Amino acid sequence: MKVSSFMIGQAVEKMPDLAREIVRRGHEAAAHGRTWENSYALDADDERRFIVDCVESIVKATGHQPVGWNAYWMRNSPRTLDTLQSLGFIYHIDEPSRDEPFIVPLIAGDFVTVPYTFHMNDIVSFPFDGWNPAAFEQALRDEFDQLYEEGAHRRRMMVVSLHDRI
């Protein structure tokens, strides 16, 4: 199984060996911004720099150009996807509205959107009182079983977001 590991530029700079190890194990080094901050309110040049700074950190540490993007709390500006495409990205995961990947037509061509699920995200559940790791594990199992059953008749995809700090 290949995992997309969305990396923050500053974190990569602090722990380049970890970023390299992720790639060495065959996983994708994807971009998650320069810092853990929103970029959607930045002007066009600053937003581009925010993304480019992250890309440069990942490339310097791993030697791999990221092709996937995840904005902080999934918040993009109206121009983010076009900016990403111009920088060589081919997909983003900032869309919870569907259960399977889909194409977004942009000025320069098609761009892939991979769905994101909130209910299979540890950071959404973890901070609440009564969080129970066993219940989260059961939710993951239940989600898999449901999607596996549906997969007999149509393409299905399970998205799980896990954060190393949790």
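Residue numbering note: each chain is counted from 1, following its sequence as written. In keeping with the model being predicted, local features are shown solely for residues with a pLDDT of at least 70 and side-chain atom pairs are shown and tallied solely at 80 or more, while totals for entire chains, interfaces and linings include all residues. Excluded from the side-chain calculations are hydrogens and water; all other atoms, namely the structure's heavy atoms, are used.

K.L.:
Just give me the short version of the overall build of the protein, but keep the residues and values in it.
P.N.:
The helix and strand labels rest on DSSP assignments: H or I over at least four residues marks a helix, E over at least two residues marks a strand, and numbering proceeds from the N terminus. In terms of helices and strands, the protein carries six helices and six strands. By its C-alpha atoms, the protein is 45 × 35 × 30 Å across when sized along the principal axes. Residues classed as buried in the protein amount to 38% of the 166 residues present. The contact criterion used is simple: two residues touch if any of their non-hydrogen atoms lie within 4.5 Å. Long-range pairs, those at least 24 residues apart, make up 56% of the contacts in the protein between residues at least 6 apart in sequence. Accessibility throughout is a Shrake-Rupley quantity obtained with a 1.4 Å probe, and a residue counts as covered only by protein chains that appear here. On the protein, roughly 10100 Å² of surface is accessible, and the fraction owed to carbon and sulfur atoms is 54%. Only four residue types enter the tally: Lys and Arg on the positive side, Asp and Glu on the negative side; His and the chain ends are excluded. To locate a charge, the coordinates of NZ of Lys, CZ of Arg, CG of Asp or CD of Glu are taken. Taken together, the 17 basic and 26 acidic charged side chains of the protein have centroids lying 5 Å from each other. Working definition: with a 1.4 Å probe on protein chains only, accessible area under 20% of the residue-type maximum means buried, over 50% means exposed, and in between means partly exposed.

K.L.:
I'd like a rundown of the nonpolar core, residues and numbers included.
P.N.:
Throughout, nonpolar core names a set of buried Ala, Val, Leu, Ile, Met, Phe, Trp, Tyr and Cys residues whose side chains join them through atoms within 4.5 Å. Core analysis: the biggest nonpolar cluster contains 23 residues, and Ile 51, Ile 58, Trp 69, Leu 84 and Phe 89 have the highest contact counts within it. Contributions of two or more residues to this core are made by helix 2 (16-24), strand 2 (28-31), helix 3 (44-62), helix 4 (80-86) and strand 5 (102-106). Considering every element that reaches this core, the biggest residue donor is helix 3, with seven residues. Dropping the residues within four chain positions of it, Ile 51 is found in contact with Trp 69, Thr 83, Leu 84, Leu 87 and Phe 89. Of all hydrophobic cores here, the second largest spans six residues; its members include Met 74, Tyr 91, Val 114 and Tyr 116.

K.L.:
Kindly report on helix 3, identifying the contributing residues and their values.
P.N.:
Helical periodicity: at 3.6 residues per turn, an α-helix aligns residues three or four positions apart in one direction. Expected helix span is taken as 1.5 Å per residue step, with the number of steps being one fewer than the number of residues. When the terminal C-alpha atoms of helix 3 are compared, their 27 Å separation across 19 residues agrees well with the 27 Å that a helix rising 1.5 Å per residue should span. Looking at the buried residues of helix 3, the elements they touch are strand 1 (4-7), helix 1 (9-14), helix 2, strand 2, strand 3 (68-69) and helix 4. We define a polar contact as two N or O atoms separated by no more than 3.5 Å, with the added condition that, inside protein, one atom must be a possible hydrogen donor and the other a possible acceptor, whereas residues neighbouring each other in sequence contribute only through side-chain atom pairs. Capping the start of helix 3 is the job of one residue whose side-chain oxygen sits 3.1 Å from the backbone nitrogen of Asp 45: Asp 43. Where helix 3 ends, the next residue or the one after it, Gly 63, has phi of about 80 degrees, a positive value.

K.L.:
Quick one: what's the story with the pairing of strand 1, residue by residue and with numbers?
P.N.:
The two faces of strand 1 differ: Ser 5 and Met 7 on one face are buried, but Ser 4 and Phe 6 on the other face are not. Strand direction decides the pairing type here: strand 1 and strand 2, joined by four bridges, are parallel. Residue pairing across strands places Ser 5 opposite Ala 29, the latter belonging to strand 2. Should DSSP find at least two bridges between two strands, the strands are regarded as paired.

K.L.:
Hey, could you go over the environment of Phe 144 for me, with residue numbers and the actual values?
P.N.:
Position of Phe 144 relative to the elements: it lies in helix 6 (residues 133-150). According to the relative accessible area criterion, Phe 144 is partly exposed, its value standing at 45%. On a C-alpha basis, the gap between Phe 144 and Ala 11 in space is 31 Å, while along the polypeptide they are 133 residues apart.

K.L.:
Explain the packing of aromatic side chains to me, and be specific about the residues and the numbers.
P.N.:
Only Phe, Tyr and Trp rings are paired, with Trp represented by its six-membered ring, and only when their centres lie within 6.5 Å; those with planes under 30 degrees apart are stacked, over 60 edge-to-face, the remainder tilted. All chains considered together, the criterion is met by two aromatic pairs. Centre to centre, the rings of Trp 69 and Phe 89 are 6.2 Å apart; their planes meet at 85 degrees, and the pair counts as edge-to-face. You can see Trp 69 sitting in strand 3 and its partner Phe 89 sitting in the loop between helix 4 and strand 4 (91-95), a full 20 residues away along the chain. Taking the relative accessible area as the measure of exposure, Trp 69 reaches 0% and is therefore buried. Residue Phe 89 is classed as buried on the basis of its relative accessible area of 2%. Geometrically, the ring pair formed by Phe 144 and Tyr 148 is stacked, given 5.7 Å between the ring centres and 25 degrees between the ring planes. Taken together, the residues Phe 144 and Tyr 148, both in helix 6 and four residues apart, mark about one turn of the helix. Given a relative accessible area of 63%, Tyr 148 falls into the exposed group. Here, a charge over a ring means that NZ of Lys or CZ of Arg falls within 6 Å of the ring centre while also lying within 35 degrees of the ring normal. Here the guanidinium or amino end of Arg 98 rests over the ring plane of Phe 102, the centre of that ring lying 3.8 Å away.

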